Every structure is written in structure tokens, then in C-alpha cells.
Amino acid sequence: MMAASVRATFRLFQPLRPVPPMRIPLRQPTVPGRTTVARTMGVLPLPFFSKPRDFSLPNSSWGPEMVRLYEHYNSQCEVEREGGEKQKGPWKRLPSYNRVLKYATGGVYLSKLIQSKARLFTRNIKEPGASFEYVLFDNSEEQKCVGILQAGHLLEGPPGFVHGGAIATMIDTVTGAHATLLSGPVMTANLNINYRSPIPLGSTVVLESCLDKKEDKKTFVTCKVTSSNGSKLHSEATALFVSISVCKILDGV
Ligand SMILES: CCCCCCCCCCCCCC(=O)SCCNC(=O)CCNC(=O)[C@H](O)C(C)(C)COP(=O)(O)OP(=O)(O)OC[C@H]1O[C@@H](n2cnc3c(N)ncnc32)[C@H](O)[C@@H]1OP(=O)(O)O
């Protein structure tokens, strides 16, 4: 019943797609010691121009390592050619909202129709820096996706270190987003993790997801979690994602 009304809503949104986008000035969140720059975003269809928060942009809780790594990948999202002309670089930053179905609708709060209080698990704590601070970058040519994570104090497992479940969550998030980009809608079917060394609370780590192989409905990826300078291996994982149809999601699987 609910799935049918959601599907009807999806159909309603289709005619809105070709509406020319409005250009809306957005303020870049302030990072201490850095200049604030004005940006524009032109992707929201006219009737839905209320600005959703993109959680993958820098905020004041980000430490120097988080900012350094963000800038390292972000600077490769757009590259300057010899004549000063700008073009797409090898990496793409993935925006991140706290209602996951926004990805499917281009910004519409579809979760509201399904369950008004639903929020993406990793983005549901309001205090910046307290839990998962992360940003994902995708490199489609190399079939790689990188996540930069700063693990906050609410993610404690063993004293002073990050909980294994929180690490698994982030591995699932990075590999899941990567598999989605590679294969469309998927569900995690299998996730195997070897925890090699604990992650200190508050530290910044890098998660690198690589495509292993695709076989029909199955997408196999591997993931490594390392310290921010790459010198220490924290965890390694393999994951299997199985493709599903959007109707399956809407029908509650
Ligand atoms: C821009 C990017 C956007 C990103 C947005 C997202 C951001 C957030 C990202 C967060 C991400 C969070 C993500 C989450 O948290 S997803 C939430 C956690 N996952 C689940 O709840 C999944 C529950 N399971 C299922 O729904 C079904 O079992 C699935 C869909 C997985 C398979 O369905 P079904 O059972 O109907 O599959 P099939 O019969 O068509 O089989 C197909 C093939 O798959 C093989 N197989 C199946 N299972 C397994 C297994 N366990 N090991 C090995 N193989 C397995 C099977 O043998 C067959 O192979 P073959 O015989 O053809 O060779």
C-alpha cells in the first residue's frame, strides 16, 4: 500500500526532471584558518529548492589531517589545463545527505513519505565531530572509491579506540556507495573484515574500496582501512553486493 503510493509519487516527480535548474548561491562551511569561498549549485529542480545540508563538506570539527586529505582529493576533482581552462579531474566528491532516498529522487525528501523520522544511520548525530565525520571520493576510471573518516568520541569501543561495529559501518558505507556507483541499486550480501590494528578515537583514517570483479548480479569489492599517511593497516575487508530492483526497495524487500 505504502510502496504503491511511493511509486505513484516517483511517477509524479518524473515530469519535474527537465525543469531548468535554479542557480542557488551556497556558502562553503568555515574551516578554521581558511578563507570562506562562495560556490554555486545548480541541480535542484524549481519546486524543491530548499537547501539540503551536504554533510561531506568541511566543518569546524575537522582536524588538520581530515582537512589535508579532503583537499588532496578535492583538488583533483577539477584540474586546470595549460591555457587556464578548467576540466573534470579523475576524482569526484560524493555529496552526502541525512536522508538516504534523496539519492534516488534528486533531492526530494522521499523518506518523509515512508517514515518521517528515518535518517541515514551515519549522519544522525547533530554535534559536529562527535561520531562519523566522513567524505567519499570516487575515481571511475580506476574503479576506486576512497572514504576519509574522522572517528569521534561517541564511537568508542575498547577504551580510547573505535568500536569494531563503527568500523564495519564505515566499510559498508564506502564499499556500498562504490558498488552502487558501479552496479546501480545493491544490498550487502556478505561482508568479511579482518581487524589488524585498533583505530585511536579522534584519528583520521582512509578507506579505499576497489572493484574485484562483477559477475551477473554480484559485485565483489575489497577495502583497506589505513592510517592517514598510509603507514599503518587497520582493517581489510571483502564485500559482496547483490543487485536489486528499485521496486524491491520500495516494497520493503
Ligand atoms: C552516489 C552513491 C549513492 C550511495 C547511496 C548509498 C549510501 C549508503 C551506503 C550504505 C550501504 C549500506 C548497505 C546495507 O547496509 S544493505 C543492508 C544489509 N543487507 C541486507 O539487509 C541484505 C539482506 N539480504 C537480502 O536482501 C538478499 O539476500 C540479497 C539482496 C542480498 C540477495 O538476494 P537473493 O538472495 O534474492 O539473491 P539471488 O538469489 O538473486 O542471488 C544472486 C546471487 O547472489 C548470491 N548470493 C546471495 N547472497 C549471498 C551471500 N550472502 N553470500 C554469497 N553469495 C550470495 C547467490 O548465490 C546468487 O549467485 P549465483 O547463484 O547467481 O552465482
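Computed from a predicted structure; not experimentally measured. (Residues numbered from 1 in each chain as written. Predicted model: local features only at pLDDT ≥ 70, side-chain atom pairs only at ≥ 80, totals over all residues. Heavy atoms only, no water.)

Draft legend 1. Representation of the side chain of Ser96 within the structure. Among the structural elements, Ser96 can be located in the loop between strand S5 (92-94) and helix H3 (102-105). Only 2.9 Å separates the side chain of Ser96 from the side chain of Arg123, close enough to count as a polar contact. (Helix = DSSP H or I, 4+ residues; strand = E, 2+ residues; numbered from the N terminus. Polar contact = N/O pair within 3.5 Å; in protein donor to acceptor, adjacent residues only side chain to side chain.)

Draft legend 2. Here's a closer look at the nonpolar core. Among the nonpolar cores identified, the biggest contains 20 residues, and Phe132, Leu149, Val162, Met170, Ile171 and Leu207 are the most heavily contacted of them. At the level of secondary structure, the elements contributing two or more residues to this core comprise strand S6 (132-139), strand S7 (144-151), helix H5 (164-183), strand S9 (204-215) and strand S10 (218-227). The element contributing the most residues to this core is H5, with five residues. Ignoring any residue separated from it by four or fewer positions in sequence, one finds Leu207 in contact with Cys145, Val146, Gly147, Leu149, Met170, Ile171, Val174, Cys223, Lys224 and Val225. In this structure, Leu57, Val67, Leu69 and Ile148 belong to the second largest nonpolar core, which totals 14 residues. (Core = buried A, V, L, I, M, F, W, Y, C linked by side-chain atoms within 4.5 Å. Buried < 20%, exposed > 50% of the residue type's maximum accessible area, 1.4 Å probe, protein only. Contact = heavy atoms within 4.5 Å.)

Draft legend 3. Structural view of the UniProt feature "domain: Thioesterase" (unreviewed entry) in the protein chain. The feature "domain: Thioesterase" (unreviewed entry), as annotated in UniProt, sits at residues 160-231 in this numbering. For residues 160-231, the end-to-end C-alpha separation is 20 Å, with 28% helix and 44% strand making up the annotated structure. (UniProt positions renumbered as here; feature names shortened; annotations may be inferred.)

Draft legend 4. Representation of the packing of aromatic side chains. Enumeration over the complete set of coordinates arrives at five aromatic pairs. With a centroid separation of 4.9 Å and an interplanar angle of 75°, the aromatic rings of Tyr73 and Trp91 are classed as edge-to-face. Of this pair, Tyr73 sits in helix H2 (residues 64-74) while Trp91 sits in the loop between strand S4 (86-88) and S5, placing them 18 residues apart in sequence. Tyr73 sits in the buried class, given a relative accessible area of 11%. One aromatic cluster is present, built from ring pairs that chain together Trp62, Tyr70, Tyr73, Trp91 and Phe137. Just above the ring of Tyr134 sits the side chain of Arg123; from NZ or CZ to the centre is 3.5 Å. (Phe/Tyr/Trp six-rings, centres within 6.5 Å; stacked < 30°, edge-to-face > 60°. Lys NZ or Arg CZ within 6 Å of the ring centre and 35° of its normal.)

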